[in-house]
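# Fold and contact review
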Amino acid sequence: MSTLVKTKRRINSVAGTRKITNAMELVASVKLKRFRDVMSNSSNYVANIKDIMMHLNKMIDHSDDTKVIKTSKRLFIILNSNLGLCARYNNDIFKFAETLLRKDDEIIPIGLKGYSHYKNQSFKLNENFVSLNEKIDFNDVNKLACFVMNEYHSNKYAEVHIVYMQYVNSLISRAEEERLLPVPFDKDIKEDLLGPEVEPNPQDLIKELEPIYLASAIYQAMVVAQVSEQSARNNAMKNATDNADEILDKLKLEYNKARQGAITQEITEVISGAGEFE
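Calculation notes
Residues numbered from 1 in each chain as written. Predicted model: local features only at pLDDT ≥ 70, side-chain atom pairs only at ≥ 80, totals over all residues. Heavy atoms only, no water. Helix = DSSP H or I, 4+ residues; strand = E, 2+ residues; numbered from the N terminus. Buried < 20%, exposed > 50% of the residue type's maximum accessible area, 1.4 Å probe, protein only. Contact = heavy atoms within 4.5 Å. Areas by Shrake-Rupley, 256 points an atom, 1.4 Å probe, with all protein chains shown as cover. 1 Å grid on protein atoms, 1.4 Å probe; cavity = no way out; pocket = protein on both sides within 12 Å on 5 of 7 lines; lining within 4 Å. Points joined across faces, edges and corners; volume = space filled by probe spheres on them. Nonpolar A, V, L, I, M, F, W, Y, C, P; charged D, E, K, R; others polar. Patch = residues over 30% accessible without salt bridge, like charges linked within 9 Å, V, L, I, M, F, W, Y side chains within 5 Å. Salt bridge = Lys/Arg side-chain N within 4 Å of Asp/Glu carboxyl O.

### Points about the overall build of the protein
When you go through the protein residue by residue, the secondary structure sums to five helices and five strands. Secondary structure elements in the protein, listed N-terminal to C-terminal, are α-β-α-β-α-β-α-β-β-α. Across the 278 residues in the protein, those meeting the buried criterion constitute 39%. Contacts in the protein between residues at least 24 apart in sequence constitute 76% of all its contacts with a sequence separation of at least 6. With the model as given, the accessible surface of the protein reaches about 16,400 Å², and the carbon-plus-sulfur share is 52%.

Here it is, written out as structure tokens:
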């Protein structure tokens with residue numbers, strides 16, 4: 001009977017774990033759908049803003065740039081999760097970031113996992129935006145964008161980059177890096193998106209649009225990162241639930257066999273005992 005008791009306890013334990021993983025799978029699924037809708041609705045807007053900025057930047061004669069960069073220090077905004085149980089999501093970002101970071105770079109970690117990972121390392125951290133992804137609000141993201149823009153234009157950083165998980169599909173996400181500042185441009189672009197004339201001039205338009213561009217790019221990266229995170233967690237919890245179902249099937253079969261064996265043994269003992277009195 002001790003085997004039956006142990007097996008029954010294991011069944012109850014696995015069943016309890018399955019309830020938790022199944023509930024977390026459902027929560028992740030709901031969040032995934034919500035953030036996927038936001039990503040879909042904002043992707044075209046952000047793509048257009050980036051295209052406009054790149055085309056305006058192309059129209060400027062960069063050979064006459066007067067901005068003197070006095071530092072080689074770069075700023076990296078690194079997006080991680082606040083919670084675990086999302087498979088290799090955070091580790092993939094850490095490994096990818098290691099290939100990019102230099103000793104004098106500074107980091108703005110967004111997400112508790114990222115803050116915990118980098119706080120004991122030699123990089124200088126800005127801790128003011130760690131919880132920015134708890135509730136992704138554009139006004140809060142705009143504060144980060146304004147801070148970053150002011151720091152960059154005061155020549156504190158030579159470049160500003162963002163690192164996040166790019167959503168590919170429900171099964172695949174990949175770590176990605178994007179340079180935010182200085183505004184990138186493609187020298188091979190042949191057509192000017194805005195036509196041959198720009199009023200008042202490309203420099204002034206870039207100055208006016210830069211806060212919108214930066215906030216939009218960071219916001220979109222955070223939304224995409226959330227889609228990747230919730231997709232990873234949904235898959236991880238689904239796999240855990242499926243594994244729990246397999247274990248439960250095996251344990252129930254083991255329990256039924258043990259119970260059947262115990263009943264057979266009891267019947268045998270009863271029959272043997274009755275034979276002794278004949």
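### Some details on empty space enclosed by the protein
Following the criterion strictly, the structure yields one cavity of 30 Å³ or more and no others. Reported here for the largest cavity is a volume of approximately 50 Å³. A breakdown of the residues in the lining of the largest cavity according to their chemical character gives six nonpolar, three polar and one charged.

### Points about a nonpolar patch on the surface
Judged by side-chain polarity, V168, L171 and I172 come together as a nonpolar surface patch covering roughly 290 Å² of accessible area. Note on L171: relative accessible area 71%, which makes it exposed.

### Looking at the pattern of salt bridges
Applying the stated criterion across every chain yields a total of nine salt bridges. For K50, the salt bridge is made with E178, and the minimal N-O distance between the two is 2.8 Å. Of the two residues, K50 sits in helix 1 (residues 2–58) while E178 sits in strand 5 (residues 173–181), which places them 128 residues apart along the sequence. We classify E178 as buried; its relative accessible area is 17%. Two residues, D105 and R74, come together in a salt bridge whose shortest N-O distance is 2.8 Å. In this pair, D105 is assigned in the loop between helix 2 (89–98) and strand 2 (106–110) and R74 in strand 1 (residues 74–79), connecting sequence segments 31 residues apart. Overall, the relative accessible area of 11% leaves R74 in the buried class.

Functional significance is not addressed by these values, which are geometric in nature.
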